[in-house]
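# Inside the fold
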Amino acid sequence: MEKCIAENGVVFYRSEKLSPVRHGFSTRLGGISTLDHTAAMNLAFGRGDDGRTVIGNLELFCSALKINPRTVVSLPQVHSNNVLYVKEPLRGGGYFSDPGICCDGYVTDRKNIALGVKIADCVPILLSDNEAGVIAAIHAGWRGTALQIVARGVKMMCEIGAAPHRIAAAIGPAIGQCCYEIGEEVVEQLTGLPSADQYISPSKTAQNKYYADLKALNRAILMRMGVPSDNIDISPLCTACLSDLFHSHRKTGGVRGTMLAVISL
Ligand SMILES: [Zn+2]
């Protein structure tokens, strides 16, 4: 994954694996938010910025990616495994209109639609089968990971023409195992996942505490779905360690802005 600085100053990450599909993972840098906790690039309503500021940030981020902001679909997220097949009427949903739907994953084969997921520690996953012209965006916190939402995304992609061996995936910046402490109740939800024993480790200092690698767990789910490991890019960056660069829910106790991962054919 590579860091990009757009002409308009927006800093974002992109993956060669998804190229030439337009996409990016936003950072805190390059926006117009001025509050301490949202500065400078906050891409969600309800975090303290006024609506015009959020839309201004969306326009800047989309301009950096050469995506039309009015085509972005990013609805309220509820840590579900709901994946939606997105068609034209939903364009702009979440930023310019409220379709009244909550959703944590999107799939489309339409060229005039951008799919977006909002994150601040949770794992953003962007997927593409360039040959089939099918893309997906997935939001996976521990609940979404436990529910294997990314597997549902791959399945839905394949229902409209994608093939697992052709799918490329970029797992973006998210909280790393270094900072993602969980209790036994969460471990219980994650233990059934592929390679769970490899990616959940007991804390060396605290009893009944563990550290989970959500990014690697999602990669393992993708591989079990038939996506080749060579096709999967995984960001090593931890959103909680790098709080000048990323918004982090854990690091700030929830007083934070929100990032967006977006992809468009
Ligand atoms: Zn960390």
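I will try to describe carefully the structure that is included in this document. Not measured: the values here are computed from a predicted model.

### Let's talk about the pairing of strand 10 (residues 168-171)
Burial along strand 10 is two-sided: the residues A168 and A170 and A169 and I171 are all buried. Two elements, strand 8 (residues 123-129) and strand 10, share 4 bridges in a ladder whose sense is antiparallel. Along strand 10, the bridge assignment pairs L126 with A170. Where strand 10 lies against strand 14 (residues 232-234), 3 bridges are found, and the strand directions are parallel.

### Structural notes on helix 6 (residues 214-224)
Burial runs high along helix 6: 8 of the 11 residues are buried. Every buried residue of helix 6 is listed here: L214, K215, L217, N218, R219, A220, I221 and L222. Note on helix 6: the residue one or two positions beyond its end, G226, has a positive phi of about 105°.

### Things to note about the nonpolar core
Residues F61, Y106, L115, A137, A169 and V262 are the most contacted members of the largest nonpolar core, which totals 80 residues. Tallying contributions element by element places helix 1 (residues 51-65) first for this core, with 7 residues. When near neighbours in sequence (up to four residues on either side) are disregarded, L115 contacts V73, V86, Y106, T108, I135, A136, A137, V262 and I263.

### Focus on the environment of M156
Mapped onto the fold, M156 is located in helix 3 (residues 149-159). M156 gets classed as partly exposed once you count the C-beta atoms within 10 Å, which come to 19. Each C-alpha atom, one on M156 and one on P228, is 18 Å from the other, the two residues being 72 residues apart in sequence. Not counting residues up to four positions away in its chain, the partners in contact with M156 are V83, Y85 and V107.

### Examining the sheet that holds strand 12 (residues 200-202)
Across the sheet, which stays open at both edges, the 3 strands sit in the order 11-13-12 with antiparallel pairing between neighbours. Two strands bound the open sheet, and with one partner strand each, they are strand 11 (181-183) and strand 12. Pairwise comparison of adjacent strand axes, ignoring direction, gives a mean angle of 40° for this sheet. Note: strand 11 against strand 13 (residues 209-212), 3 bridges, orientation antiparallel. What sits directly across from E181, in strand 13, is Y211.

### Remarks on the environment of S128
As for its placement among the helices and strands, S128 is situated in strand 8. Along the chain, S128 and Y180 lie 52 residues apart, while their C-alpha atoms are 28 Å from each other. Ignoring any residue separated from it by four or fewer positions in sequence, one finds S128 in contact with L18, V21, I135, A168 and I263.

### Description of helix 1
A rise of 1.5 Å per residue sets the reference length of helix 1, with its 15 residues, at 21 Å; its end C-alpha atoms lie 21 Å apart and thus fit the reference within 8%. Listed as buried for helix 1 are V54, N57, L58, L60, F61, C62, A64 and L65. Count one or two residues on from helix 1 and you reach K66, which has phi positive near 60°.

### Digging into the sheet that holds strand 4 (residues 72-73)
By way of backbone hydrogen bonds, the strands of a sheet pair with one another, either parallel or antiparallel. Pairing within the open sheet is mixed, and its 6 strands lie in the order 1-2-3-15-7-4. The two strands at the open ends of the sheet, each matched to only one other strand, are strand 1 (2-5) and strand 4. When strand 4 meets strand 7 (residues 114-119), the two strands line up parallel, connected through 2 bridges. Its bridge partner being in strand 7, V73 is matched across the sheet by L115. Of the strands in this sheet, strand 2 (11-14), strand 3 (22-26), strand 4 and strand 15 (259-264) touch helix 1, which is tilted by about 135° from strand 3.

Criteria and cut-off values
Residues numbered from 1 in each chain as written. Predicted model: local features only at pLDDT ≥ 70, side-chain atom pairs only at ≥ 80, totals over all residues. Buried ≥ 20, exposed ≤ 12 C-beta atoms within 10 Å, placed from the backbone. Helix = DSSP H or I, 4+ residues; strand = E, 2+ residues; numbered from the N terminus. Pairing = 2+ DSSP bridges. Core = buried A, V, L, I, M, F, W, Y, C linked by C-beta atoms within 7 Å. Contact = placed C-beta atoms within 7 Å. Axes fitted to C-alpha atoms, helices over the stretch in contact; angles between N-to-C directions. Expected span 1.5 Å × (residues − 1).

The values are spatial; any link to function lies outside them.
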